[in-house]
Amino acid sequence: MSAHCRVGIDVGGTFTDFVLADEHGERLLNFKVPSSPSDPSASVTDGLDGLLTTAELKPDAISLLVHGTTIALNAVVQRRGAKIGLVISRGFGDTILLARGGLPNTFSYKYPKPVPLIARDHVFEIDARLGPDGAVRAEPSGDDLAALAESIAKADLDAVGVLILNSYAHPDLEIRIANRLRDLLPDILVTASAELWPEVREYERALVTSLNCFVQPLMDRYFARLTDRLNGMGARAPLFVTTSNGGTVSVASARAEPIQTLLSGPAAGVVAAADLATRLALPKLVTIDMGGTSSDMAIIEDGAPATAMETKLGDLPIIMPVVDVWAIGAGGGSVIWIDAQGVVKVGPESAGADPGPICYGKGGDRPTITDCYVALGLLDPVYFLGGRMTIDRQAAIDALAKLGAKIGLEGPAAGAETARAALRIATAKMATEVSKGMAQRGLDPADFALVAYGGAGPTHAAMLAEEARLSHIVIPPSPGTFCAFGALVADIRRDFVRSRRLTLGEDPNAGAEVTRILADLEAQAQAWIGQEGGLANTVAVEVTADMQYPRTAFVLTVPIADAAWRSGDVAAIKEAFHREHERLYAFRHADSPVDITTLRVRVNGAVPPVQLAASQDGDAPVQADMRPVYVGDGVWVDAAVRMRADLTTAHAVAGPAIIEQDDTTIWVPPGWAASTDPTGCLHLRPTDVSGKGQAT
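All figures in this text were calculated on a predicted structure; none of them were measured in a lab.

Participant: How would you summarise the environment of Asp371 if you had to cite specific residues and measurements?
Facilitator: With respect to the helices and strands, Asp371 occurs in helix α10 (residues 369-376). Residues Asp371 and Ala456, spaced 85 residues apart in sequence, show a C-alpha to C-alpha distance of 12 Å. Here Asp371 is in contact with Pro357, Ile358, Cys359, Arg366, Ala396 and Leu400, once residues within four sequence places are set aside.

Participant: Could you give an account of the pairing of strand β22 (residues 344-350), naming the residues involved and the relevant values?
Facilitator: Bridge count for strand β21 (residues 334-338) against β22 is four bridges, and the pairing is antiparallel. Opposite Ile336, over in β22, you have Val346 as the bridge partner. Between the antiparallel neighbours β21 and β22 lie five residues, among them Gly342 with a positive phi of about 80°.

Participant: Got a sec to walk through the sheet that holds strand β30 (residues 635-643)? Specific residues and values, please.
Facilitator: Taken together, the four strands give an open sheet; going across it, the order is β29-β30-β32-β33, and neighbouring strands pair in mixed fashion. Each of the sheet's edge strands pairs with one partner strand only, and the pair in question is β29 (625-632) and β33 (664-668). Adjacent strand axes in the sheet meet at a mean angle of 30° when their direction is disregarded. Relative to β30, β29 is paired through seven bridges, and the arrangement is antiparallel. Looking across to β30, one finds that Tyr630 is bridged to Trp636.

Participant: Please provide a residue-by-residue account of helix α17 (residues 570-585), values included.
Facilitator: Across its 16 residues, α17 extends 22 Å between first and last C-alpha, which sits within 8% of the 22 Å expected from 1.5 Å per residue. Within the sequence span of α17, burial applies to Ile573, Lys574, Ala576, Phe577, His578, Glu580 and His581. A distance of 3.3 Å separates the backbone nitrogen of Ala571 from a side-chain oxygen at the start of α17, and that oxygen is part of Asp569. Immediately downstream of α17, the backbone of Ala586 shows phi near 70°, a positive value.

Participant: Would you mind going over the packing of helix α11 (residues 393-405) against helix α12 (residues 414-440) in detail, with residue names and values included?
Facilitator: Running from amino to carboxyl end, α11 crosses α12 at an angle of 75°, the nearest separation of the two axes being 7 Å. As summarised for this structure, α11 and α12 are arranged roughly perpendicular, according to the angle between their axes. Counted together, Ile397, Leu400, Ala401, Leu403 and Gly404 of α11 and Ala414, Gly415, Thr418 and Ala419 of α12 form the full contact between these two elements.

Participant: How would you explain unusual backbone geometry if you had to name every residue and give the values?
Facilitator: Here Gly347 and Pro348 are connected by a cis peptide whose omega angle stands at 0°. The omega torsion of the bond from Gly655 to Pro656 falls at 0°, within 30 degrees of zero and hence cis. Within the element layout of this structure, Pro656 appears in the loop between β31 (652-654) and β32 (657-661). Positive phi, close to 70°, is recorded for Asn166, a residue that is not glycine. Along the polypeptide, Asn166 turns up in the loop between β9 (159-163) and α5 (172-184). Asn166 sits in the buried class, given a relative accessible area of 10%.

Participant: Tell me about a nonpolar patch on the surface, residues and numbers included.
Facilitator: Where nonpolar side chains cluster on the molecular surface, the patch consists of Leu584, Tyr585 and Phe587 and spans about 300 Å² of accessible area. In this fold, Leu584 is placed in helix α17. For Leu584, a relative accessible area of 40% translates into the label partly exposed.

Participant: Requested: an account of helix α4 (residues 142-154), with residues and values cited.
Facilitator: In this model, α4 (13 residues) spans 19 Å end to end at C-alpha, consistent with the 18 Å of a helix rising 1.5 Å per residue. Those residues of α4 not exposed but buried are Leu145, Leu148, Ala149 and Ile152. Down the axis, α4 shows its buried residues gathered within 100° of arc, on one side only. For α4, the exposed residues set more than 90 degrees away from the buried face come down to Asp143 and Lys154. Taken together, the buried residues of α4 touch β5 (84-89), β6 (123-126), β9 and α5. Phi for Asp156, located one or two positions after α4, is positive at around 60°.

Participant: Go over the sheet that holds β9, please, and point to the residues and values.
Facilitator: Here we have four strands laid out as an open sheet, ordered β6-β5-β9-β10, and parallel in their pairing. Edge positions in the sheet fall to β6 and β10 (189-192), since each of these pairs with one other strand and no more. Averaged over neighbouring strand pairs, the angle between their axes works out to 20° when direction is ignored. By the bridge criterion, four bridges tie β9 to β10 in an arrangement that is parallel.

Participant: Describe the nonpolar core, with residues and values.
Facilitator: Nonpolar side chains in soluble globular proteins generally cluster together in the buried interior. In this structure, Val7, Leu20, Leu48, Leu65, Met547 and Ile560 are the most contacted members of the largest nonpolar core, which totals 100 residues. Broken down by element, this core gets its largest block of residues, 13 residues, from helix α7 (residues 202-232). The contact partners of Ile560, leaving out residues within four places of it in the chain, are Val543, Thr544, Ala545, Met547, Trp565, Ile573 and Ala576. Counting 69 residues, the second largest nonpolar core, distinct from the first, contains Ala330, Ala468, Val653 and Ile666.

Participant: Now, about the packing of aromatic side chains: what can you tell me, with residues and values included?
Facilitator: All told, the structure shown has six aromatic pairs when counted by the stated rule. For the ring pair Tyr222 and Phe223, a centre distance of 5.4 Å and an interplane angle of 55° mean the geometry is tilted. Overall, Phe223 belongs to the buried group, its relative accessible area being 0%. Ring centres 4.8 Å apart and planes at 80° place the aromatic pair Tyr549 and Phe577 in the edge-to-face group. Of this pair, Tyr549 sits in the loop between β26 (538-548) and β27 (556-559) while Phe577 sits in helix α17, and the two are 28 residues apart along the sequence. Phe577 carries the same exposure label as Tyr549, and that label is buried. Here a set of aromatic residues connected by ring pairs shows up, and it is made of Tyr453, Phe482 and Phe485.

Rules behind the numbers
- Residues numbered from 1 in each chain as written.
- Predicted model: local features only at pLDDT ≥ 70, side-chain atom pairs only at ≥ 80, totals over all residues.
- Heavy atoms only, no water.
- Helix = DSSP H or I, 4+ residues; strand = E, 2+ residues; numbered from the N terminus.
- Contact = heavy atoms within 4.5 Å.
- Pairing = 2+ DSSP bridges.
- Axes fitted to C-alpha atoms, helices over the stretch in contact; angles between N-to-C directions.
- Expected span 1.5 Å × (residues − 1).
- Buried < 20%, exposed > 50% of the residue type's maximum accessible area, 1.4 Å probe, protein only.
- Polar contact = N/O pair within 3.5 Å; in protein donor to acceptor, adjacent residues only side chain to side chain.
- Parallel < 35°, antiparallel > 145°, perpendicular 65-115°, else oblique.
- Patch = residues over 30% accessible without salt bridge, like charges linked within 9 Å, V, L, I, M, F, W, Y side chains within 5 Å.
- Areas by Shrake-Rupley, 256 points an atom, 1.4 Å probe, with all protein chains shown as cover.
- Salt bridge = Lys/Arg side-chain N within 4 Å of Asp/Glu carboxyl O.
- Arc of directions from axis to C-beta.
- Core = buried A, V, L, I, M, F, W, Y, C linked by side-chain atoms within 4.5 Å.
- Phe/Tyr/Trp six-rings, centres within 6.5 Å; stacked < 30°, edge-to-face > 60°.

Encoded structure:
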């Protein structure tokens, strides 16, 4: 293998995944190790050491490390972040508590509101305020800031955010206050909202600032520990971190703004699927990432993942661009249980990596989705993780039989029947969410192929496809480490934003102001990417604007042509909005003015592509082993067991069949067939009436 390799890493709740690619595409090596919840950096360096040993390489052969993680996400979900405070304009101290004033549950006045990230006595009001035009209305004195710093110090906080009313319009005052607090409080991390994300809406901006404060001390310590560990083992390659918008940033940028990494784990897999869509010339894909904790879904059209300008994390709105990923159901570690009414439930609680499913033999005492796969015969107890881990099938069967007895399932197949029932429940929930998610976006599932990845995705793909009426499944070459591959192919990317209300068609200076603001954002973007290490082959800037007809409630984010914004061409910018509005809603108000609320710039530095060796034609594989698989109603079928490495483009595998590889197991049920394409991807389709696999 070449001495210059890139390594993608994805730290999940159950496993830490690695993909190593050399610069010539001669080899793509995948590796998995169990995650270390107490110190995720340990699983990174331990796994990297194992990966390099397998590849027969030394650490100095690595030219780039790209790291994806859910640490920040888990900290927010579990409320295990830092002790933080917020400095805010006087009179607005209850902004975080009031939120948007809505009830989390409109059907119950007794429904408790979510616990805020910041305690009310850690919100500090200050005489600082800007008008909507950016004019300073009130400014604190030096003595005011000294007293403020003293109060913050007494509260013993880890981090503090600063949010001054209307600071998005003119950030200088807020930044001066933040800088003074940094001088007075050198041991406390300070985030200024106008530096982080200067977009209109005070509550949402306060929340983004607070979330950054909440995870920054944790992530700062993690990245420092990881960097020390990597240096200690001799891996001194540049370290980049995947971000929520589907890109990557240097570890220095991630430490400064860790909120950028909040939803980076799910985004990396979608980026990998988009790369796959381009390679396979598939225009429409729906992705399913089924890992240890949950299953996530995303849409890809014309090689580009669907993105959203805001999302929600539980009850918390986040106004930053993200790859549009939403959870649709259980993961491999999701616990199977029975509620007080005797109804079988799946999740949301997960067994995680420790103790994990019962079959792992690490002390788990509640059956999971993975235990169901094992009980049905889909997973080989000896070959799990390529033989690196032996699992206890009988323990899984016994636990499921014990659970099934509570709902009247008895007999020799009770464990398998309970497993099948649990999988049907999980599948029905997932299929419902897939159908709902696509309907909400005006999409027809019949137009889409399903890309399944994650450790459990390929095992569950055909069950989901049958329930959701999807007739084409694509399994990438290494689905269990697909998010780590996504980290490898992700471009260097960051978004810049500034809110400014301008009315096109009424304000004579609107065009010039658009040009001025976007030129400033472009300069910031170019300066930033110039500091990210020079890894990008080419750099491109994309410009969009949030626009709406006057006095309407919602905006559309519309791409703006380079020539239009540079020249301040109001007519061309308006036409872009009219055209998008007509595409979505089938009408336009051609004579109406158009409001711009926010201008956005995305800088994208394209990294060198990962070259993949083509699969070769070959002879049919050797005679398959057979394994009994339970399909319900007391029926076991003999499934042919194939090794994926033995499959070529010359033949199809008819179901029932099991295709095994190191990082996952693929279930091909009766009535389906699988075949391999030249890129190494596996395609599953329902068989035709003759029983032969359809060509892919």
